[in-house]
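So you can see what is in the structure, the chains are spelled out below.
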Amino acid sequence: CPEVCFVGRSNVGKSSIMNKLFNRKNLVKVSSTPGKTSNVNFFVADGVHFVDLPGYGFAQRSKSERERWADLIFDFLDMERSFNLVVSLVDIRHDPSKLDHQMIEFLQEGGYPFVVALTKADKLSRSQQGRQLATIRKQLNVPAEDIFVTSSATGQGIDELKRRIEAACLDEGEDEP
Ligand code: GDP
């Protein structure tokens, strides 16, 4: 069964983009690990499993707590290596944080198939979007075709990202009987 995983710092717009990509009513929560703040939620929509990892880097949390949080996510990704795609979310308004960098480096070094979705694009003008896209692309060292400029508010980039997710899920389907 194809699996797609969403990661990003808390408040990056993860729930909003998941709901936008897969209408809330199609997104069925199948299970959830216990723990109020560190829980991992599993959803299924159209035969694809979605993993919603806890947001990392809560500003109001201590540094050690933030690092533990990142470890939890890395451990999870390490254990479960069968992802068709990891969608790593970064707020387009800010340069990637240290944890964003760690996350992308982890995905690059581990050879995970991943894309970066820049969120909340509606908060910037088109020319600001272009400038931030270039900066973030360079900082994260991710190819242009793997970065999506998105907005859950206006729907910008959502269809493109959805097609990419669907393509990643089809890749595996071909090997199945
Ligand atoms: P999560 O913590 O990563 O799941 O983030 P949420 O999806 O709950 O969004 C956090 C906040 O950002 C909420 O107030 C959302 O309304 C807002 N938000 C999310 N996506 C967008 C977007 O594309 N545009 C704008 N303007 N606000 C957004």
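In this text, all values refer to a predicted model and were calculated from it rather than measured experimentally. (Residues numbered from 1 in each chain as written. Predicted model: local features only at pLDDT ≥ 70, side-chain atom pairs only at ≥ 80, totals over all residues. Heavy atoms only, no water.)

1. Details of helix 4 (residues 126-140)
So the rule is basically this: In DSSP terms, a helix is any run of H or I states spanning at least four residues, a strand is any run of E spanning at least two, and both are numbered starting from the N terminus. Between the first and last residue of a helix there are one fewer steps than residues, each counted as 1.5 Å, and that sum is the expected span. Each residue's exposure class comes from its accessible area (1.4 Å probe, protein chains only) as a fraction of the maximum for that residue type: buried when under 20%, exposed when over 50%, partly exposed otherwise. Directions are taken from the helix axis to each C-beta atom, and the arc is the one they span. Residue contacts follow a heavy-atom distance rule, with two residues in contact if any of their heavy atoms lie within 4.5 Å.
The terminal C-alpha atoms of helix 4 lie 21 Å apart, and with 15 residues this matches the ideal 21 Å at 1.5 Å per residue to within 8%. Taken residue by residue, helix 4 has Gln-129, Gln-132, Ile-136 and Leu-140 as its buried positions. Looking down the long axis of helix 4, one finds its buried residues gathered within 70 degrees of arc, a one-sided arrangement. More than 90 degrees from the buried face of helix 4, the exposed residues found are Arg-131 and Lys-138. Residues of helix 4 that are buried make contact with strand 5 (85-91), helix 3 (98-110), strand 6 (114-119) and strand 7 (147-149).

2. As for the site of the ligand
For clarity, the threshold we go by: Near residues are defined by distance, with any heavy atom within 4 Å of the molecule or strand qualifying the residue. Any pair of nitrogen or oxygen atoms within 3.5 Å is treated as a polar contact; in protein, a donor-acceptor pairing is required on top of that, and neighbouring residues in sequence qualify only through side-chain atoms on both sides. Here the accessible surface of atoms and residues is derived via Shrake-Rupley with a 1.4 Å probe, and residues count as covered only by protein chains that are part of the display. Classification used: nonpolar for Ala, Val, Leu, Ile, Met, Phe, Trp, Tyr, Cys and Pro, charged for Asp, Glu, Lys and Arg, polar for all others including Gly.
Every residue near the ligand is listed here: Asn-11, Val-12, Gly-13, Lys-14, Ser-15, Ser-16, Lys-120, Asp-122, Lys-123, Ser-151, Ser-152 and Ala-153. One of the side-chain N or O atoms of Lys-120 is found 2.9 Å from an oxygen atom in the ligand. Protein chains bury 66% of the 580 Å² of accessible surface belonging to the ligand in isolation. Class assignment of the residues belonging to the shell around the ligand gives a composition of two nonpolar, six polar and four charged.

3. Considering unusual backbone geometry
For Lys-120, which is not glycine, the phi torsion reads 60 degrees and is therefore positive. Its location among the elements puts Lys-120 in the loop between strand 6 and helix 4. The phi angle at Asn-141 is positive, at roughly 60 degrees, despite the residue not being glycine. Note on placement: Asn-141 falls in the loop between helix 4 and strand 7.

4. Considerations on the side chain of Lys-120
What counts, and what does not: Within this scheme the basic residues Lys and Arg register as positive and the acidic residues Asp and Glu register as negative, but His and the chain ends are omitted. Salt bridges, as used here, are contacts in which a Lys or Arg side-chain nitrogen is within 4 Å of a carboxyl oxygen on Asp or Glu.
In this structure Lys-120 is buried but unpaired, with Asp-91 as the nearest side chain of opposite charge at 4.3 Å. Beyond its immediate stretch of four places on either side in the chain, Lys-120 contacts Asn-11, Val-12, Gly-13, Asp-91, Ile-92, Arg-93, Thr-150 and Ser-151.

5. Some words on the nonpolar core
How we decide: We call a set of buried Ala, Val, Leu, Ile, Met, Phe, Trp, Tyr and Cys residues a nonpolar core when their side-chain atoms join them within 4.5 Å.
Membership of the largest hydrophobic core comes to 28 residues, with the highest contact counts inside it found for Cys-5, Leu-53, Leu-77, Val-86, Leu-107, Val-116 and Leu-118. Of all the elements in the fold, those that place two or more residues in this core are strand 1 (3-8), helix 2 (63-79), strand 5, helix 3, strand 6, helix 4 and strand 7. Once residues lying within four places of it in the same chain are set aside, the contact partners of Leu-107 are Leu-77, Val-86, Ser-88, Tyr-112 and Phe-114.

6. A few points about the packing of aromatic side chains
As a reminder of what qualifies: Centres within 6.5 Å are what make two rings of Phe, Tyr or Trp a pair, Trp counting through its six-membered ring; a difference in plane orientation under 30 degrees is then read as stacked, over 60 as edge-to-face, and the rest as tilted.
Applying the stated criterion to the full structure yields one aromatic pair. Seen in terms of ring centroids, Phe-106 and Tyr-112 are 5.6 Å apart; in terms of plane orientation they differ by 25 degrees. Their pairing is stacked. Relative accessible area serves as the criterion here: at 6%, Tyr-112 is assigned to the buried category.

7. Concerning the side chain of Asp-146
Within the element layout of this structure, Asp-146 appears in the loop between helix 4 and strand 7. Not counting the four nearest positions on each side in its chain, Asp-146 is found in contact with Phe-114, Val-115, Val-116 and Arg-164.

8. Topic: the confidence of the model for the chain
The condition is simple: Per residue, pLDDT measures the predictor's confidence, with a range of 0 to 100.
Scored by pLDDT, the chain has a mean of 82; 76% of the residues are at 70 or more. By mean pLDDT, strand 2 (residues 28-32) is the weakest element of the chain at 64, and strand 7 is the strongest at 98.

9. Remarks on the pattern of salt bridges
Considering all chains together, one arrives at two salt bridges under this definition. For the salt bridge of Arg-93 with Asp-91, the shortest nitrogen-to-oxygen distance reads 2.8 Å. For Arg-93, a relative accessible area of 31% puts it in the partly exposed group. Measuring nitrogen to oxygen at the nearest pair gives 2.7 Å for the salt bridge that ties Arg-164 to Asp-146. With Arg-164 in helix 5 (residues 158-173) and Asp-146 in the loop between helix 4 and strand 7, this residue pair connects regions lying 18 residues apart in the sequence.

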